[in-house]
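One-letter residues, chain by chain:
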Amino acid sequence: MNALEGRQISFSYGRGKTLLSQVDFYVQPGECVILQGPSGSGKTTLCHIAGGIIPRSFSGDLEGEVLLFGTPLHSLSLADVVKNVGILFQNPDSQLFFPTVEDELAFGPENLCLPREEIALRIAEALDAVEMSSFRLVETDTLSHGQKQRIALAAVLALRPRVLILDEAFSQLDTASTAIVKGVLRRQKELGQAIFMVENGEEHLELAERVYELQGGQIREVAL
Amino acid sequence: MTVAISVTDLVFGYQKGNFTLSCPHLRLEQGKLSLITGANGSGKTTLAKLICGILRPSGGSVQIFGQATSELSLGEIGRQVGYLFQDPSRQLFAGTVWKEMTFVDHLLESEQGTSTKKAQDLLDRFGLGELKSRSIYFLSGGEKQRLALCTILMGEPRFLILDEPTVGLDKQNRVILYDILDDLLREGRGIAVITHENELIERFAGAPQIKVERGQVSL
Amino acid sequence: MSRVDPRVKLFWVMLCTSGALIFVRLPWMAGLLLFCRLGTFSFGADRKALRGRLARFLPLFLLILLVHIVFVRTGTPLLFIRKYPIVTFDGLMRGATTLMRFFIILCSAAVMAGENTRRVLAAFSKMKVPYLFSFMLMIALRFLPTFSTSFSDALIALQLRGVELKRLSLVKKLRLYRDLLLPVVADAVVKSRVLAVVMEARGFGAMPRRTSYLEVRMTLRDWVLTGVLFVLGIVALGGYYFFP
């Protein structure tokens, strides 16, 4: 069964031109799929649809459906979606909103009403994954850009999602942080998690099993 | 050699918190690129803001082209030294690209003949010529940064200070930025770039480096 | 003492502010002011922020004092200019009382500002305050300062483009402020939408309740303190009404 699958997805923002037309895609467990395309081609929009942000938070004319392990996304509760799909966005500054790293990581598990002991465990585990265990009590304001993005990733990992969506999450990272985040993604793949990421750089193709290209509203799979 | 910026016995402390910055001696040359490096929170931005007069020192002095900043207004400093914020959207506010470029002229109701041409030339040179009527909210990070640079260059400052200009830029936009820096240097402007990213430091490897560490500025 | 439970501090703030609003007689207000200062010292207020705020409100304070002195005409005249009474006893008293009222409110707010946001959120959740409400409050408090920074940043950037603010006429200045306000608000709206998306993507609002990793516990000392504050509050209120 596919971890994440889009069927015949068409989308437009209101009366504007159609941004996506009849887009099909899928990601299997343990697989990393990269989505490429010129800027403005609708990559971010497709990420938002795949993660349920459209139509939950942003509106527009959406057709077709997204399946999460075979179940239509729209029939799932927010809690069920969040337990299964984690999304990492481009700008770390807009993803962190608590004073300290620990607060930031606790936020997601708290929303899912996990008990304290479990939250403590998940914070430790997620920080370890991004190699920032010693930063637990540090104020996020004092972190570098790359460190912030790693904390944002850890905050997503603390929810233990089975599907990870990354929207140009690498584009602002320095070399050291890029290497660490890549390591995290490789380990996630080994654990059987599915990864769907928007990234244009050649240097990220090594992570991918398959590559899609989005252009003029159409999607096609390209050879690696 | 012309000294653009010279700092002597500078001391500064924020009201909140116990951070202090001290810079006993610093010279930045005109027509060259200097790098101001150091970790996050070390005081690089504070130093830049002191040079531009956004912050006023508690002790010591800053001179730009021989004049003490303590005797200049922000407007007078701005005509000599341009400052690009780390987040350029903080210095954009006029709605569209073109309105942004002509904002000051409109405000002061000054003659617009020559400055209109200047604005157009600058936009063309920075690859924004086609985006004149675009809303600033629909610009990418790189485009916003280039627009902010254009608005600064409208005032023709001789020296530019750029605060972490590579942060938030993808590879393609970073390359464009480096070319712009080369271009500005060829025009004879002085530039100080604040950064903690190795790529930029390596790109301008020959440039003098000023290190800021926990509020201490050293060469 | 700074690790006093946020709930006790909230209770103390409630006492101080309601006292400040109820009392009109100077000696009572002065007493409350003393009580309030005692609190700011022992609870660990954000003193630097308080000092800054006091400095900013100083002109307003002086204006309030002046208004009272000029417009309250009852009471024993204290200062004359050619037989015309300028300052009366009542005017001075009322002015002073109002000043103290503002001062008390600022001080008690500073105590909450000195408290860790997460502890306050945890305390709210223990008090069964709906988390949507307490988060709204926290986010508003975090956004307000960014609001004023982005406005002042825009002003600084504009001056660095060569505009001498001081030389602008009042009309132009007002027009400029109006022009700057719109993008600042638009920016805040965009940021808050992004924040909403990010928070939701991490499960905010998924369940009717949420747990708190950070625990705040009322210690014996906290309970005793609450009791003492409660008794003090009752005694003060009774005293104020029964012994004028």
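Residues numbered from 1 in each chain as written. Chains lettered and ligands numbered in written order. Predicted model: local features only at pLDDT ≥ 70, side-chain atom pairs only at ≥ 80, totals over all residues. Heavy atoms only, no water.

**Let's talk about the interface of chain A and chain C**
In step 1: Facing 34 residues of chain A, the contacting portion of chain C comprises 27 residues.
In step 2: With both sides pooled, the region where chain A packs onto chain C buries about 2900 Å², and carbon together with sulfur makes up 61% of that total.
In step 3: We note a salt bridge from Glu200 of chain C to Arg56 of chain A, for which the minimum N-O separation is 3.2 Å.
In step 4: Joining chain A to chain C, the criterion identifies 15 residue pairs in polar contact (both at pLDDT 80 or more). (Contact = heavy atoms within 4.5 Å. Buried area = accessible area lost by both parts, 1.4 Å probe. Salt bridge = Lys/Arg side-chain N within 4 Å of Asp/Glu carboxyl O. Polar contact = N/O pair within 3.5 Å; in protein donor to acceptor, adjacent residues only side chain to side chain.)

**Focus on the sheet that holds strand 5 (residues 71-72) of chain A**
All names here are of chain A.
In step 1: Spatial strand order, 2-1-4-5: four strands in an open sheet with antiparallel pairing. In this open sheet, the two edge strands, each paired with only one partner strand, are strand 2 (20-27) and strand 5.
In step 2: Strands strand 1 (4-12), strand 2 and strand 4 (61-68) of the sheet are contacted by helix 1 (residues 43-50), whose axis makes an angle of about 60° with strand 2. (Pairing = 2+ DSSP bridges. Helix = DSSP H or I, 4+ residues; strand = E, 2+ residues; numbered from the N terminus. Axes fitted to C-alpha atoms, helices over the stretch in contact; angles between N-to-C directions.)

**So, the interface of chain B and chain A**
In step 1: Taken together, the contacts link seven residues of chain B with six residues of chain A.
In step 2: Carbon and sulfur atoms supply 48% of the area buried between chain B and chain A, which totals about 560 Å² over both sides.
In step 3: The interface formed by chain B and chain A includes zero salt bridges.
In step 4: Run the count over chain B and chain A and you get zero residue pairs in polar contact (both at pLDDT 80 or more).

**Describing the domain arrangement of chain C**
Residue and element names in this part refer to chain C.
In step 1: In terms of domains, chain C is made up of domain 1 (1-115 + 219-244) and domain 2 (118-213).
In step 2: For domain 1 versus domain 2, the separation of C-alpha centres amounts to 29 Å.
In step 3: The interface is formed by nine residues belonging to domain 1 together with six residues belonging to domain 2.
In step 4: Between domain 1 and domain 2, the buried area comes to about 610 Å², and carbon and sulfur atoms account for 69% of it.
In step 5: Summed over the three residues of domain 1 that lose the most area to domain 2, namely Pro6, Arg7 and Leu10, the buried surface amounts to 67% of that side.
In step 6: Along the contact surface separating domain 1 from domain 2 lie one salt bridge.
In step 7: The salt bridge involving Arg119 is made with Glu115; its shortest N-O contact spans 2.9 Å.
In step 8: For the side of domain 1 that touches domain 2, the element with the highest residue contribution is helix 1 (residues 6-22), accounting for three residues. (Domains from an automatic or database assignment.)

**Thoughts on unusual backbone geometry**
All names here are of chain A.
In step 1: For the peptide bond that leads from Ile54 to Pro55, omega is 10°, which places it in the cis range.
In step 2: For Pro55, the position within the fold is in helix 2 (residues 53-56).
In step 3: A positive phi angle, close to 50°, is found at Gln22, a residue other than glycine.
In step 4: With respect to the element layout, Gln22 can be found in strand 2.
In step 5: A residue is classified by how much of its surface remains accessible, and Gln22, at 55% relative accessible area, is exposed. (Buried < 20%, exposed > 50% of the residue type's maximum accessible area, 1.4 Å probe, protein only.)

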